[in-house]
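Coordinate inspection notes
Okay, here's what each chain looks like letter by letter:
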Amino acid sequence: MRFLKKLWHKQSEEEKNMHEKLNIGIILGSTREGRVSPLVGEWVKTIADQRGDAHYEIVDIKDYQLPLLGEGDAPGIAKWNGKLAELDGFVFIVQEYNHSLAASLKNALDLAREAWNNKAAGIVSYGSTGGARAAEHLRGIMGELMIADVRTHPTLSLFHDFTGQEFTPQDVHLETVNLMLDQVNAWGSALKPLRK
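This is a predicted model, so every value here is computed, not measured.

Turning our eyes to something else, we now look at the overall build of the protein. Helix and strand counts for the protein come out as six helices and eight strands. In the protein, the order of α-helices and β-strands from amino to carboxyl end is α-β-α-β-α-β-α-β-α-β-β-β-β-α. Its C-alpha atoms give the protein a radius of gyration of 18 Å, within 12% of the compact-globule value 16 Å for 196 residues. Overall, the protein is about 70 × 45 × 25 Å in size when its C-alpha atoms are taken along their principal axes. Here the protein holds 196 residues, and the buried ones make up 47% of them. Here the analysis covers contacts within the protein between residues at least 6 apart in sequence; of these, 79% occur between residues at least 24 apart. When the accessible surface of the protein is summed, it comes to about 10500 Å², and 54% of that surface belongs to carbon and sulfur atoms. The distance from the centre of the 22 positive side-chain charges to the centre of the 26 negative ones in the protein is 8 Å.

What follows concerns the nonpolar core. Ranked by size, the top nonpolar core spans 29 residues in total, and within it Ile27, Trp80, Phe92 and Trp116 carry the most contacts. Elements with a contribution of two residues or more to this core: α3 (75-86), β3 (89-95), α4 (103-110), β4 (119-127) and α5 (132-144). With five residues, the single largest contributor to this core is α5. Contacts of Trp116, omitting those with residues within four sequence positions, involve Ile27, Trp80, Leu84, Phe90, Phe92, Ala108, Leu109, Leu145, Met146 and Ile147. Trp43, Tyr56, Met180 and Leu181 belong to the second largest nonpolar core, which has 24 residues in total.

Next up on the list: the pattern of salt bridges. Under the counting rule described, the total for this entry stands at 14 salt bridges. Put simply, Arg113 and Glu144 hold a salt bridge, and the shortest N to O gap is 3.0 Å. You can see Arg113 sitting in the loop between α4 and β4 and its partner Glu144 sitting in helix α5, a full 31 residues away along the chain. Since its relative accessible area comes to 38%, Arg113 is described here as partly exposed. We note a salt bridge from Arg139 to Asp149, for which the minimum N-O separation is 2.5 Å. Taken together, the positions of Arg139 in helix α5 and Asp149 in strand β5 (residues 147-149) put the pair ten residues apart, joining distant regions of the chain.

Right, let's get into the environment of Ala115. When you line up the elements, Ala115 lands in the loop between α4 and β4. Look at Ala115 and you get buried, because its relative accessible area is 11%. For the pair formed by Ala115 and Ile147, sequence separation is 32 residues and the distance between their alpha carbons is 9.8 Å. Contacts of Ala115, omitting those with residues within four sequence positions, involve Asn81, Leu84, Ala85 and Phe90.

A positive phi angle, near 50°, is found at Asn98, a position not held by glycine. Along the chain, the position of Asn98 falls in the loop between β3 and α4. What makes Asn98 exposed here is its relative accessible area of 79%. Look at His99: it is not a glycine, yet its phi comes out positive at around 70°. In this structure His99 comes out as partly exposed when scored by relative accessible area, which is 45%.

The rules behind the values
- Residues take numbers from 1 onward in each chain, read along the sequence in its written order.
- Local features are withheld for residues below a pLDDT of 70 in this predicted model, meaning they are given only at 70 or higher, and side-chain atom pairs are given and counted only at 80 or more; totals for whole chains, interfaces and linings count all residues.
- Each side-chain value is derived from all of the structure's non-hydrogen atoms; neither hydrogens nor water enter the calculation.
- Helix and strand assignments come from DSSP, with helices taken as H or I runs of at least 4 residues and strands as E runs of at least 2, each series counted from the N terminus.
- It is over C-alpha atoms that the radius of gyration is taken, and the globule rule equals 2.2 Å times the number of residues to the power 0.38.
- Each residue's exposure class comes from its accessible area (1.4 Å probe, protein chains only) as a fraction of the maximum for that residue type: buried when under 20%, exposed when over 50%, partly exposed otherwise.
- In this analysis, two residues are considered to be in contact whenever any of their non-hydrogen atoms come within 4.5 Å of each other.
- Where accessible areas are quoted, they stem from the Shrake-Rupley method and a 1.4 Å probe; at the residue level, only the protein chains shown are allowed to cover.
- When charges are counted, Lys and Arg are positive and Asp and Glu negative, with His and the chain ends excluded.
- Charge placement uses NZ in Lys and CZ in Arg. For Asp and Glu, CG and CD serve respectively.
- Only buried residues count toward a nonpolar core. Its members are Ala, Val, Leu, Ile, Met, Phe, Trp, Tyr and Cys residues joined through side-chain atoms within 4.5 Å.
- A side-chain nitrogen of Lys or Arg and a carboxyl oxygen of Asp or Glu constitute a salt bridge if their distance falls within 4 Å.

The following block contains the structure:
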């Protein structure tokens, strides 16, 4: 009887964990002046918030004033790791610079380790080719950090989704963003027991 009680308790804890809403950080991957990543991030958050399936928040690397890796132990590093530890998954807003991702995002990835492990992530990228090359570089980095990246990947074109500094996304992206969020939530829930 004691064994059955234990088993039932374990199953109800697992069910409870499966039904708790995840905390998903929408990470802005650029810190440069004139960046458009805040516009893209807010657009993704607006779509995400309408779903009601998770808690979504914008996480702006710029707010943490991170030093370059190996150039000091600024308070921002601990704050950055603390924020990442609160999150169950991520959506990276990635822009392509010279066929890769921004140095600020690479540095932010490198300044944490365990806080990334066993979490799910999606990518929304933009650039002249939809930011595809930056996203592919990011996937390799995420593999090393034990972040499970999902397949669906909304790509935004500088020629069709932006007018100068204005962000005017095409309606076709709505379905892709929602599918990507479905996958991030499913994988994020599946990985949650590994982080206990």
